Amino acid sequence: MTGSNFLLDTGGAKFLVDCGLFQGEHSFDDANWMPFPFDPSSISYLINTHAHIDHIGRIPKLVKDGYRGRIISTEATRALAEPMLLDAMELSRKTAEKIGKEPLYDERDIAQAMSQWDTVPYHKEVTLPDGVMLEFFNSGHILGSAMAKFSRGGKSIVFTGDLGGGNSPLLPLCENPKGINYLVMESVYGDKTQADKERSTRLNDLARVIKDTAARNGTLLIPAFSTERTQDILFDIRELFATNAVQHMPVFLDSPLAQKITESYLRYPQYFNAQMQRRVEEGEKLFELPGLRYVHDAMESHDVSSSQGPKIIIAGSGMSNGGRVVAHEAAILPDKNSTVLIVGYQAAGSLGRKIAEGAKKVTIKGKPVPVRAHVETIYSYSAHMDSGQLLEFVEKIGEPLHDIFVTMGEPASSAFLAQRIRDYAGLHATVPAEGGSAVIEL
Ligand SMILES: [Zn+2]
């Protein structure tokens, strides 16, 4: 599910696609410290699809363990990666202490990784060793996210990374690469259908949740991923305020990482969709809304939770498995007037998953916390395609696609999607085991 890491071996060269951290259940903690199942110094290139930590989080470890080749991604991915990695380093330090291990990596390893990191725009073909060509396609998942297409001798394979379902108000839609033979695809929502797909529905849902919570004089807490989700939500709240669809109220962004990522977003407006690029050119400040306050330190964070009156708090981490959001949850979950709004994928075992699944009591920092707050979910903030969209994506590729490897999902989700592809698209789709391998013609 997490820890994305693929190896393409052409005989004369070895290419890695992504090198992510395992996240979610604590049983994964150890996995991040395990040696890679290949010699890092034998890898020719590392291609990175996007800056989510489950796709980049072990890159500094790869470098620490001897990788000295180049890392290739889009420019926006590289810009987002550095703050993301520094944040992951802090989190992994805490885990290291807990499980009695050395830190996974330090600032020097991150600096070393950044010094090996080159950028390539979408649709610019790059020549790699052993006659392999690389091209990035926009996957519409987060700023700068890309699918990586490797081709040689008329054959090609695409690694999708994560695929966006067109829900972001900021990003262009996911592209559909054509004429490819093999596909390694994600399946996070391989067995889920998002009912509320339309943007207007999503804004209405958000407006309703804000209004209901404000009517109870409660707090709306939104655990949000620092990348993409926070920016999408800030933008949507700004739209609701601007059209007076909801009453104005204080909005606190309590995530130092999300603040840095938001600044990076503003430095790369060329990665926004055409409409947003135009609005930025016209001088619009997409993430500036009246009443927005950035929360800088943890003390201030405590004051925010306990302040009176209706308000919105956006805090990391998105799955409530650490970060400032956890303290807010301890304060807000027992309050029947407040609301926790789930807007993203919650990994099995995470606190966010327990809250989303309706737990009446959760444990936070060893203490039992009753859940009396309202819990709402808006699926269409998801940065992933749902099951129907994933199938449609495959069907649109058409000939000569004949082998699909369904990966990056919980087992039931991957198996469901693979079956659906076989049944409806009549294509050969399998779910490879972790550590498994397949021979392809390239
Ligand atoms: Zn992702």
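Residues numbered from 1 in each chain as written. Predicted model: local features only at pLDDT ≥ 70, side-chain atom pairs only at ≥ 80, totals over all residues.

Q: How do you make sense of the overall build of the protein chain when you look at a structure like this?
A: Per the secondary structure count, the protein chain includes 14 helices and 20 strands. In summary, the protein chain has a C-alpha radius of gyration of 21 Å against a globular reference of 22 Å for 442 residues, a match within 12%. Counting only C-alpha atoms, the protein chain reaches 65 × 45 × 45 Å along its principal axes. Taking all 442 residues of the protein chain together, 47% fall into the buried category. Contacts in the protein chain between residues at least 24 apart in sequence constitute 74% of all its contacts with a sequence separation of at least 6. (Helix = DSSP H or I, 4+ residues; strand = E, 2+ residues; numbered from the N terminus. Rg over C-alpha atoms; globule rule 2.2 N^0.38 Å. Buried ≥ 20, exposed ≤ 12 C-beta atoms within 10 Å, placed from the backbone. Contact = placed C-beta atoms within 7 Å.)

Q: Would you mind showing me how to read helix α13 (residues 387–397) here?
A: For an α-helix the count is 3.6 residues per turn, leaving residues at separations of three or four pointing the same way. Buried within α13 are the following residues: Leu-390, Phe-393, Val-394 and Ile-397. Each buried residue of α13 sits inside an arc of 95° when the element is viewed along its axis, so together they form one side. Buried residues belonging to α13 abut β10 (182–185), β19 (403–406) and α14 (411–425). In the segment just after α13, Gly-398 is the residue with positive phi, at about 60°. (Arc of directions from axis to C-beta.)

Q: What exactly am I supposed to notice about the sheet that holds strand β8 (residues 146–152) here?
A: Adjacent strands of a sheet pair through backbone hydrogen bonds, lying either parallel or antiparallel. If you walk across this open sheet you meet the seven strands as β6-β7-β8-β9-β10-β19-β20, and the pairing is mixed. Strands at the two margins of the open sheet, each flanked by one partner only, are β6 (126–128) and β20 (428–430). Across the sheet, the axes of successive neighbouring strands diverge by a mean angle of 20°, strand direction being ignored. As paired elements, strand β9 (residues 155–159) and β10 share three bridges and run parallel to each other. (Pairing = 2+ DSSP bridges. Axes fitted to C-alpha atoms, helices over the stretch in contact; angles between N-to-C directions.)

Q: Looking at this model, I keep getting lost on the packing of helix α10 (residues 298–306) against helix α11 (residues 325–332). Mind explaining?
A: In a packed pair of helices, the relevant descriptors are the angle between the two axes and the axis-to-axis distance. Contact geometry for α10 and α11: axes closest at 10 Å, N-to-C directions at 30°. Accordingly, the angle class assigned to the pair α10 and α11 is roughly parallel. Seen from above, α10 lies across α11 with right-handed handedness. Of the residues in α11, those in contact with Ser-301, Ser-305 and Ser-306 of α10 are Ala-327, His-328, Ala-331 and Ile-332. (Parallel < 35°, antiparallel > 145°, perpendicular 65-115°, else oblique. Left-handed = near helix turned anticlockwise from the far one by under 90°.)

Q: I keep staring at the packing of helix α4 (residues 75–99) against helix α8 (residues 256–267) and nothing clicks. Help me out?
A: Closest axis-to-axis distance for the α4/α8 pair is 9 Å, and the angle between their directions is 175°. Classified by the interaxial angle, the pair formed by α4 and α8 is roughly antiparallel. For the pair α4 and α8, the contacting residues are Ala-79, Leu-80, Pro-83 and Asp-87 in the first and Leu-257, Lys-260, Ile-261, Ser-264 and Arg-267 in the second. Here the residues of the contact of α4 with α8 sort into five nonpolar, one polar and three charged. (Nonpolar A, V, L, I, M, F, W, Y, C, P; charged D, E, K, R; others polar.)

Q: Got a minute to help me understand the sheet that holds strand β5 (residues 117–119) in this structure?
A: Taking strand neighbours across the sheet as the criterion, the five strands line up as β1-β2-β3-β4-β5 in an open arrangement whose pairing is mixed. Both outer strands of the open sheet, β1 (6–9) and β5, are each paired with one neighbouring strand and no more. Between one strand axis and the next, the sheet turns through 25° on average, direction left out of account. Relative to β5, strand β4 (residues 70–73) is paired through three bridges, and the arrangement is parallel. In the strand pairing of β5, Ile-72 is matched with Asp-118.

Q: Before we go on, may I ask you to explain the domain arrangement of the protein chain in this structure?
A: Considered domain by domain, the protein chain is made up of domain 1 (6–192 + 384–430) and domain 2 (199–381). Contacts between domain 1 and domain 2 engage 25 residues on the former and 26 residues on the latter. For the side of domain 1 that touches domain 2, the class distribution of residues is 14 nonpolar, seven polar and four charged. (Domains from an automatic or database assignment.)

Q: Help me out: how do you make sense of unusual backbone geometry in this one?
A: Glycine aside, negative phi is the norm for most residues, and most peptide bonds take the trans geometry. The residue after Gly-316, namely Ser-317, is reached through a cis peptide bond having omega 5°. Examined against the element boundaries, Ser-317 turns out to sit in the loop between β14 (311–315) and α11. Pro-400 follows Glu-399 through a cis peptide bond whose omega is -5°. Of note, Pro-400 is situated in the loop between α13 and β19. Phi at Glu-228 takes a positive value of approximately 75°, unusual for a residue other than glycine. Tracing the sequence through the fold places Glu-228 in the loop between β11 (219–223) and α7 (229–242). Judged by local crowding, Glu-228 falls into the buried class, with 28 C-beta atoms found within 10 Å. Its identity is not glycine, yet Met-408 carries a phi of approximately 50°, on the positive side. Relative to the helices and strands, Met-408 is located in the loop between β19 and α14.

Q: Even after reading the chapter, I still don't get the nonpolar core, so can you show me in this structure?
A: Most often, soluble globular proteins have nonpolar side chains that are buried together. In terms of nonpolar packing, the biggest core is built from 117 residues, with Leu-46, Ala-148, Leu-183 and Ile-222 touching the most fellow members. In terms of residue count, the dominant contributor to this core is α4 (seven residues). When residues of this core are assigned to domains, at least three map to each of domain 1 (6–192 + 384–430) and domain 2 (199–381). If we ignore the near neighbours within four places in the chain, the residues touching Ala-148 are Val-17, Ile-47, Thr-49, Leu-134, Phe-136, Val-158 and Phe-159. (Core = buried A, V, L, I, M, F, W, Y, C linked by C-beta atoms within 7 Å.)

Q: Is there a simple way to think about the environment of Glu-90 in this case?
A: Mapped onto the elements of the fold, Glu-90 is located in helix α4. Residue Glu-90 is classed as exposed on the basis of its C-beta count, with 11 C-beta atoms lying within 10 Å. In this structure, the C-alpha to C-alpha distance between Glu-90 and Glu-107, residues 17 residues apart in sequence, is 10.0 Å.

Q: Please clarify how the environment of Gly-358 should be interpreted in this entry.
A: Mapped onto the elements of the fold, Gly-358 is located in the loop between α12 (351–356) and β16 (361–364). As a C-alpha pair, Gly-358 and His-374 span 16 residues in sequence and 9.6 Å in three-dimensional space.

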